[in-house]
Amino acid sequence: MTGIDVIARELELRAGMIRALEGDAAAYHELLRVLVPQLRAFFRRRINGDDAAEDLVQETLIAVHTKRSTYDRSRPFSAWLYAIARYKLADHFRMAHRQAREELNDSIAAPDFEMASIALIDIDRLLDGLPAKQGAAIRAMKIEGLSVAEAASVAGISQSDAKMSVYRGLKRLSDRVQGRVK
Amino acid sequence: MMALRHGTDQLVDRLVLDIRPAQRAMIALRLAVGVTAGAAVSVILLILLVGARPDLANVLQSSRFWSKAAYMVATAGASLLVASRLARPGSSTSIAWIVPIPALLYLPAAGMELMTTDPSHWGPLLLGAGWQLCTWLVLILSIPIYGGLWWAFRSFAPTQMGATGAVTGLCASAIAAVVYCLHCPSDTAVFALVWYTLAFAIAAILGSIFGRRLLHW
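The structure displayed is predicted, hence computed values, not measured ones. (Residues numbered from 1 in each chain as written. Chains lettered and ligands numbered in written order. Predicted model: local features only at pLDDT ≥ 70, side-chain atom pairs only at ≥ 80, totals over all residues. Heavy atoms only, no water.)

## Some remarks on the packing of aromatic side chains
Logical step 1: Scanning the model with the defined rule gives twelve aromatic pairs over all chains in all.
Logical step 2: Where Phe42 of chain A meets Phe43 of chain A, the ring centres are 5.1 Å apart and the plane angle is 80°; that geometry is what we call edge-to-face.
Logical step 3: Since its relative accessible area comes to 0%, Phe43 of chain A is described here as buried.
Logical step 4: Judged by centre distance (5.6 Å) and plane angle (80°), the rings of Tyr71 of chain A and Phe77 of chain A are edge-to-face. Take Tyr71 of chain A and Phe77 of chain A: they sit in the same class, and that class is buried.
Logical step 5: Lying over the aromatic face of Trp151 of chain B, Arg30 of chain B brings its terminal NZ or CZ to 3.9 Å of the ring centre. (Phe/Tyr/Trp six-rings, centres within 6.5 Å; stacked < 30°, edge-to-face > 60°. Buried < 20%, exposed > 50% of the residue type's maximum accessible area, 1.4 Å probe, protein only. Lys NZ or Arg CZ within 6 Å of the ring centre and 35° of its normal.)

Spelled out as structure tokens, the structure:
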């Protein structure tokens, strides 16, 4: 497209917009019909995904409509139009960015994640302070969720020994947590 | 994709059905309504908080009072003009240089005051009768005007949020300063240039910070 064509197109669009602002529905329809492929090309060059581009075309058309009183009839129409389109594009990127950041924050900074990590570290430290048999029995039955029989066979001890180890271990842990045993 | 394109066509049809002649002076009208309403609230606020100065009738003949008021009115007008440009997407803001002109024009008056005053009396000249009150009251009085401007801007389409927020904040504080002239007992140019300008700067910074959130459309 030559410079003359661009100017001719601009003058045509501006004339159409001015008639639309005076309430001429036919001129407005023609203007929007011409704008749609222009805007579509503008957004497709700049973002991935035709659906997202089409959404932005629609949002820009709505903004052109609701903000049409802000068009100054003495100034270039294209400058006004593409300032709106660029604003919608920046908005799109800002929103996508915020969404990505929130998702990341949700998975990392969720209080559950932090609390669970700290709790695991604490449990490890407490169990390490117990006699090996008691620590292993508690870990097997209370944390990993094995049955008495399974825990006993894994540890190679009798079931009553396993139960007693858990009981003694928990007792010792609760004493330690309450500060009675150093 | 075809469905979406069809949606775009339908949208165009709906928008065309909704077309009505547009108000030519929409921006000027809404700015006028927003500023007037905000300033009216500010005047009421001023009367409730501190009242008008008792010698108001006398100072209306003083050139110092009027040059002070002129500085504020001119700053308000210049920033309002720039704000009206920023209301339109893609408009040139090359006239932003007019904003500091009133302050520059007012500077010689302050220079004259300093030259004609003995340096030992510069303190009272600068500190007047309570500068803290002046700066803070101007900021408080500017809140309703900033609110009025924000209301006006809701139907505009600013694309430079930081600049728009700063200019509306400046404009609100300059109009608030005009309102505060009804009370402010200090009429010296030195006092006005330092403390009112400080209030304008704070308002512009705050306006810019809030503008980024409030002006979004």
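## Structural notes on empty space enclosed by the protein
Logical step 1: Scanning the entire structure with this criterion turns up two cavities of 30 Å³ or more.
Logical step 2: The calculated volume of the largest cavity comes to roughly 50 Å³.
Logical step 3: Around the largest cavity sit Thr70, Tyr71, Asp72, Arg75, Pro76, Ala79 and Trp80 of chain A together with Arg88, Pro89, Gly90 and Ser91 of chain B, which together line it.
Logical step 4: Among the residues making up the lining of the largest cavity, the classes are represented as five nonpolar, three polar and three charged.
Logical step 5: Roughly 40 Å³ of volume is contained in the second largest cavity.
Logical step 6: Together, Tyr146, Leu149, Trp150, Thr168, Leu214 and Leu215 of chain B line the second largest cavity. (1 Å grid on protein atoms, 1.4 Å probe; cavity = no way out; pocket = protein on both sides within 12 Å on 5 of 7 lines; lining within 4 Å. Points joined across faces, edges and corners; volume = space filled by probe spheres on them. Nonpolar A, V, L, I, M, F, W, Y, C, P; charged D, E, K, R; others polar.)

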